Amino acid sequence: RRFAAALATAALLAAPGAALAATPGAMPQTSYQAAPAAPAQAGLAVTAVRDWLVSVGATVSEVNRAEGRISVTVNDGPMTWLVFFNGCEADVCGDIQYMAAFSNATITPELVNQWNLEHRFLKAYYTPGTTAGAAGTAIVQYDVLLVNGVGTEQLIDPTSVWVGVLPTFATHVGFFVPEAAPAQ
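In this report, we go over the structure that sits alongside the text. These figures come from a predicted structure and were not determined experimentally.

What counts as what
- Residues numbered from 1 in each chain as written.
- Predicted model: local features only at pLDDT ≥ 70, side-chain atom pairs only at ≥ 80, totals over all residues.
- Heavy atoms only, no water.
- Salt bridge = Lys/Arg side-chain N within 4 Å of Asp/Glu carboxyl O.
- Buried < 20%, exposed > 50% of the residue type's maximum accessible area, 1.4 Å probe, protein only.
- Pairing = 2+ DSSP bridges.
- Helix = DSSP H or I, 4+ residues; strand = E, 2+ residues; numbered from the N terminus.
- Contact = heavy atoms within 4.5 Å.

## Thoughts on the pattern of salt bridges
- This model, assessed by the stated rule, comprises three salt bridges.
- With a shortest N-O distance of 3.7 Å, R50 and D51 are connected by a salt bridge.
- On the accessibility criterion, D51 (45% relative accessible area) is partly exposed.
- When salt bridges that share partners are traced, they join R50, D51 and E62 into one network.

Pasting the structure below:
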């Protein structure tokens, strides 16, 4: 929906210029016009995202600022995941990235590739263990672009996708072991 709305807005904004160019005797634009005001930083404040997560029942760490990255950690039952804040100016960020990492001996590049082939939203990559014989790690991510004027309500759908699909990924990579069907 947002893409369609943006596309429609772009078409409307482009139309007057095209009409002006096609109008005989139309006054040409000059370089004397004032430059448009710089747009405000798009997105949400770091604290607004953290506070919203807490308000919907998540157990969330304080904001972490390390190595030039801003993040919060969410403890979600047996799983822990992070929210990274990107494209930030004065702690207002244009996008966030949900991220979780799982490591065990059953994780292979083929297993992660299979996930990416069969699932649409959360995308994953494989990193080998750092020492010989160490288990590989599957890192899964979900990027969300943030806009002005919508507030934290824009987090509802993408967060629902993340918390809804993350357990499926965790099962896929062996973090959760599916329960066996009862014998009949």
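## A closer look at the pairing of strand 6 (residues 92-104)
- Direction of pairing for strand 1 (residues 44-45) relative to strand 6: antiparallel, over a ladder of two bridges. Bridging across to strand 6, L44 finds its partner in C93.
- As defined by bridge partners, strand 5 (residues 79-89) adjoins strand 6 across seven bridges and the pair is classed as antiparallel. Across the sheet, residue C88 finds its bridge partner in strand 6, namely C93.
- What sits between the antiparallel neighbours strand 5 and strand 6 is a turn of two residues, in which A90 has the positive phi angle 55°.
- Bridge analysis of strand 6 against strand 8 (residues 136-145) gives ten bridges, and the strand direction is antiparallel. Bridge assignment links A100 to a residue of strand 8, and that residue is V140.

## Some remarks on the side chain of S71
- Secondary-structure assignment places S71 in strand 4 (residues 69-76).
- A relative accessible area of 5% means that S71 is categorised as buried.
- Apart from the residues within four sequence positions on either side, S71 is in contact with E62, V63, N64, L82, V83, F84 and F85.

Any functional reading would require information beyond the geometric quantities listed.
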